[in-house]
Amino acid sequence: MTETILVTGGAGYVGSHVCKALAVAGFKPVTYDNLFRGHKELVKWGPLEVGDVCDTEKLQAVITRHKPSAVMHFAALTLVGESVAQPGLYHHNNGDGTQSLLTAMQRCGVNRIVVSGTCAVYGIPQKMPIDENTPIGPINPYGHSKLAMENHVHAAATKGELSSVVLRYFNAAGADPEGETGEWHEPETHLIPNVLRAAAGIGEPLRLFGTDYPTPDGTCIRDYIHVCDIAAAHVAALSHLNGPPKGHVFNLGSGTGFSVRQVIDTARAVTGRDIAFSVEPRRDGDPAILVADSTRIQNDLQWKPMRSGLPEQIGDAWRWVQKQPR
Ligand SMILES: NC(=O)c1ccc[n+]([C@@H]2O[C@H](COP(=O)([O-])OP(=O)(O)OC[C@H]3O[C@@H](n4cnc5c(N)ncnc54)[C@H](O)[C@@H]3O)[C@@H](O)[C@H]2O)c1
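The structure presented is a predicted model; accordingly, all values stated were derived computationally and were not measured. (Residues numbered from 1 in each chain as written. Predicted model: local features only at pLDDT ≥ 70, side-chain atom pairs only at ≥ 80, totals over all residues. Heavy atoms only, no water.)

Engineer: So what exactly am I meant to see when it comes to the overall build of the protein here?
Structural biologist: When its secondary structure is counted, the protein shows 10 helices and 13 strands. C-alpha extents for the protein along the principal axes are approximately 55 × 40 × 40 Å. Across the 326 residues that make up the protein, the buried fraction comes to 53%. Long-range pairs, those at least 24 residues apart, make up 78% of the contacts in the protein with a sequence separation of at least 6. Looking at the protein, you have 29 positive and 33 negative side-chain charges, and the mean spots of the two groups are 3 Å apart. (Helix = DSSP H or I, 4+ residues; strand = E, 2+ residues; numbered from the N terminus. Buried < 20%, exposed > 50% of the residue type's maximum accessible area, 1.4 Å probe, protein only. Contact = heavy atoms within 4.5 Å. Lys, Arg positive; Asp, Glu negative; His and termini not counted. Charge placed at Lys NZ, Arg CZ, Asp CG, Glu CD.)

Written as structure tokens, this is what we have:
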């Protein structure tokens, strides 16, 4: 019989790619999303249940109806600036929302979960690359709310109620190579889609924040990981949930950092377009370099990045941007 996986936030960017990967691997993904930031058009690989993760009763009804063997939890608000303006909203949606999900799962006897963590829980680390033993220290309410999410999951796993995998992604990028889903955020705050929108002549003019960082070209360096590599890690994580209840944490990055200027130069080469930008001062709280050490997941889950070269990520994202109606 086909195994069902409940995917919270499956109408969003990462969640929709994971739904496709689950379907390709023979699972039935059931999306649970309030569509606040997601899009029903991206729910293509299984049913959509519209609801909020803070609504425990509704979640219970959906779990009872679909009988998932495990849950994948992507539903969260993700905008750092918005979290600074509305910290209570982030604490409630991302922290309390996770506790509500865990309560519904426990009431229904579902005890396997994979959750979207983030490198934002590390704040501004002193040492690169970042492994899972790097001290935790979020520097904004978004990072704190995602840490609260992890803590709820960890507490349940420690009590023996849950088998859990937390995947702390670095910068998700790219799009489905077959063009069936991609990044669709409003507003868009991520570098690669904004560079490509500028290349396509849509959206806001491109702004580059800070050219005086202690990096080879003065701009910030980040670890971009293809969203399909993230999706593959989620499918691999499912098999890690078998066995006695336990909590696992893995960093998920390509292990290679690229600067903002390298991203823009690669986008110029991939698109064949000139990409204009203005130089602005540094933004508060942007570390110079964030690069993952993903050795643990490579060893324990036999996962490795397959499509995370910069030209592939930008090429897939470019095809997606070009397909969108203007
Ligand atoms: N995109 C990245 O680079 C990145 C990096 C690190 C971690 N993450 C994490 O990955 C997850 C997915 O990120 P994304 O970029 O796909 O975001 P997204 O905004 O595209 O998707 C999130 C989805 O969750 C839904 N949602 C939000 N709050 C909800 C609620 N209370 N109830 C039901 N649905 C709700 C939204 O409608 C949306 O469809 C998030 O948990 C985020 O913190 C993303």
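Engineer: What exactly am I supposed to notice about the site of the ligand here?
Structural biologist: Residues in close proximity to the ligand total 29 residues, the closest being D33, N93, Y142, K146 and H185. The separation between an oxygen atom of the ligand and a polar main-chain atom of G38 is 2.9 Å. The side chain of H185 places a nitrogen or oxygen atom 2.8 Å from an oxygen atom of the ligand. For the ligand, whose accessible area on its own is 820 Å², the fraction buried by protein is 97%. Put simply, the parts of the chain that give the shell around the ligand at least two residues each are α1 (13-24), β5 (112-118) and α5 (141-158). Considering each element in turn, the shell around the ligand owes the most residues, three residues, to β5. Its residues assigned to classes, the shell around the ligand shows 13 nonpolar, 12 polar and four charged. (Near = heavy atom within 4 Å. Polar contact = N/O pair within 3.5 Å; in protein donor to acceptor, adjacent residues only side chain to side chain. Areas by Shrake-Rupley, 256 points an atom, 1.4 Å probe, with all protein chains shown as cover. Nonpolar A, V, L, I, M, F, W, Y, C, P; charged D, E, K, R; others polar.)

Engineer: So what exactly am I meant to see when it comes to the sheet that holds strand β4 (residues 70-73) here?
Structural biologist: Strand pairing in a sheet relies on backbone hydrogen bonds. The paired strands run either parallel or antiparallel. Strand order in the open sheet formed by seven strands is β3-β2-β1-β4-β5-β6-β10, and the pairing between neighbours is parallel. With one partner strand each, in any of the chains shown, β3 (48-50) and β10 (247-252) form the two edges of the open sheet. Between one strand axis and the next, the sheet turns by 20° as a mean value, whatever way the strands run. (Pairing = 2+ DSSP bridges. Axes fitted to C-alpha atoms, helices over the stretch in contact; angles between N-to-C directions.)

Engineer: I keep staring at the side chain of T118 and nothing clicks. Help me out?
Structural biologist: Tracing the sequence through the fold places T118 in strand β5. Within the structure, T118 has its side chain in polar contact with the backbone nitrogen of A120 (distance 2.9 Å). Leaving out residues up to four positions away in the same chain, T118 has contacts with Y142, K146, L167, R168 and Y169.

Engineer: Can you help me understand the pairing of strand β2 (residues 28-33) in this one?
Structural biologist: Two faces make up the sheet, and in a regular strand the side chains alternate between them. The element β2 is extensively covered by neighbouring structure, given that five of its six residues are classed as buried. Bridge count for strand β1 (residues 4-8) against β2 is five bridges, and the pairing is parallel. Its bridge partner being in β2, T8 is matched across the sheet by Y32. The parallel pair β1 and β2 is bridged by α1, and the resulting crossover is right-handed. Where β2 meets β3, three bridges bridge the pair, whose relative direction is parallel. What sits directly across from D33, in β3, is V50. (Right-handed = clockwise from strand over helix to strand, strands pointing away.)

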